[in-house]
Amino acid sequence: AQSVTQPDIHITVSEGASLELRCNYSYGATPYLFWYVQSPGQGLQLLLKYFSGDTLVQGIKGFEAEFKRSQSSFNLRKPSVHWSDAAEYFCAVGRGANNLFFGTGTRLTVIP
Amino acid sequence: NAGVTQTPKFRILKIGQSMTLQCTQDMNHNYMYWYRQDPGMGLKLIYYSVGAGITDKGEVPNGYNVSRSTTEDFPLRLELAAPSQTSVYFCASSSKQGALNQPQHFGDGTRLSIL
């Protein structure tokens, strides 16, 4: 069965520090992988996506993610976190023709 | 740029009442989706539509109905509200060129409480 695991429920980092949010997936075929961000009271916004090709993908707001097939991972990274990055982050895997399966999310807190 | 618009933003219902959550998009997207988000959880798909007149069940369709009479609108109906349907509901859309090859655009959500 397909699944997405985000092992960290809550992460706190200092502003200016680097960030890595973990995502592991279980999927029988080549996955379509996504990272979304959700600010409080708002809908989700797509940060980046991976379908094929270069395993390091660049997204918006300075985020990047690396697909590692051997580890079934698609971790999200940012070299220097800004206070405005505080939000909930969701990893998702494409499942079927018209469906995304979401992880349970990681809440990011940024301290000054 | 309106994008995906959901109404209402908040609603409180009594058990057994019915209501319709409205969703409209102005991007001429064929694919539209309804998700629910429970506290501490990711989104789960309720229903989706690949075009006007075509709808299909997602992961958690029980207790809901949808219709898609136009490309723009995709309302979600709760017929007999139950406390288990307390959640935040998100509508999303994707372009006609393939759902997984295009980012899904999300509305800001409807927060629904059933008391």
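Computed from a prediction, not measured in an experiment: that's the story for all the values here.

Draft legend 1. View of the overall build of chain B. A tally of regular secondary structure across chain B gives zero helices and eleven strands. The helix and strand sequence of chain B, counted from the amino end, reads β-β-β-β-β-β-β-β-β-β-β. A compact globule built from 115 residues would reach a C-alpha radius of gyration of about 13 Å, and chain B, at 13 Å, matches this within 12%. In terms of principal-axis extent, the alpha carbons of chain B reach across some 40 × 30 × 25 Å. Residue pairs in contact within chain B that sit at least 24 positions apart in sequence constitute 55% of those at least 6 positions apart. Each charge class in chain B can be summarised by its mean position, and for the 10 positive and 8 negative side chains these summaries are 6 Å apart.

Draft legend 2. Quick look at the environment of Ala17(A). All names here are of chain A. Within the secondary structure, Ala17 is located in the loop between β2 (10–14) and β3 (19–21). When the C-alpha atoms of Ala17 and Asp54 are compared, they prove to be 26 Å apart, with 37 residues separating the residues in sequence. Once residues lying within four places of it in the same chain are set aside, the contact partners of Ala17 are Lys78, Pro79, Ser80 and Val81.

Draft legend 3. Representation of the interface of chain B and chain A within the structure. Facing 22 residues of chain B, the contacting portion of chain A comprises 23 residues. In this assembly, chain B packs against chain A so that about 1,700 Å² is buried in total across both faces, 58% of it on carbon and sulfur atoms. The interface formed by chain B and chain A holds zero salt bridges in total. Of all the elements in the fold, those that place two or more residues in the side of chain B that touches chain A are β4 (31–37) and β5 (43–51) of chain B.

Draft legend 4. Expanded view of the nonpolar core. All names here are of chain A. With 27 residues, the main nonpolar core has Leu19, Trp35, Leu47, Leu48, Phe74, Leu76 and Tyr89 as its most contacted residues. Put simply, the parts of the chain that give this core at least two residues each are β2, β3, β5 (33–38), β6 (44–50), β8 (64–68), β9 (73–78), β10 (87–94) and β12 (106–111). Among the elements that line this core, the one with the most residues is β10, at four residues. Other than its neighbours up to four places away in sequence, Leu19 contacts Ile11, Val13, Phe63, Leu76, Arg77, Lys78, Val81 and Leu108.

Draft legend 5. The sheet that holds strand β8 (residues 76–78) of chain B, seen in detail. Residue and element names in this part refer to chain B. Spatially, the four strands line up as an open sheet ordered β1-β3-β8-β7, and their pairing is antiparallel. Both outer strands of the open sheet, β1 (4–7) and β7 (64–66), are each paired with one neighbouring strand and no more. Taken pair by pair, the neighbouring strands of this sheet meet at an average axis angle of 20°, ignoring direction. Of the pairings in the sheet, the one linking strand β3 (residues 19–25) to β8 comprises three bridges and is antiparallel in character. Looking at the pairing, Thr20 lines up with Arg77 of β8.

Draft legend 6. Molecular detail of the state of the cysteines. Inspection of every chain in the model, using the stated rule, returns two disulfides over all chains. Between the sulfur of Cys23(A) and that of Cys91(A) lies a disulfide, 2.0 Å long from S to S. One quick way to see it: the torsion about the S-S bond of Cys23(A) and Cys91(A) is about -65°, and its sign makes the bridge left-handed. One end of the pair, Cys23(A), is in the loop between β3 and β4 (24–26); the other, Cys91(A), is in strand β10, and 68 residues separate them in sequence. For the residue pair Cys23(A) and Cys91(A), the accessibility class agrees, reading buried in each case. Across the disulfide, Cys23(B) is cross-linked to Cys91(B) (sulfur-sulfur distance 1.9 Å). Looking along the S-S bond of the Cys23(B)-Cys91(B) disulfide, the torsion reads about -70°, which is the left-handed sense. With Cys23(B) in strand β3 and Cys91(B) in strand β9 (residues 87–94), this pair connects stretches of sequence that are 68 residues apart.

The rules we used
- Residues numbered from 1 in each chain as written.
- Chains lettered and ligands numbered in written order.
- Predicted model: local features only at pLDDT ≥ 70, side-chain atom pairs only at ≥ 80, totals over all residues.
- Heavy atoms only, no water.
- Helix = DSSP H or I, 4+ residues; strand = E, 2+ residues; numbered from the N terminus.
- Rg over C-alpha atoms; globule rule 2.2 N^0.38 Å.
- Contact = heavy atoms within 4.5 Å.
- Lys, Arg positive; Asp, Glu negative; His and termini not counted.
- Charge placed at Lys NZ, Arg CZ, Asp CG, Glu CD.
- Buried area = accessible area lost by both parts, 1.4 Å probe.
- Salt bridge = Lys/Arg side-chain N within 4 Å of Asp/Glu carboxyl O.
- Core = buried A, V, L, I, M, F, W, Y, C linked by side-chain atoms within 4.5 Å.
- Buried < 20%, exposed > 50% of the residue type's maximum accessible area, 1.4 Å probe, protein only.
- Pairing = 2+ DSSP bridges.
- Axes fitted to C-alpha atoms, helices over the stretch in contact; angles between N-to-C directions.
- Disulfide = S-S within 2.5 Å.

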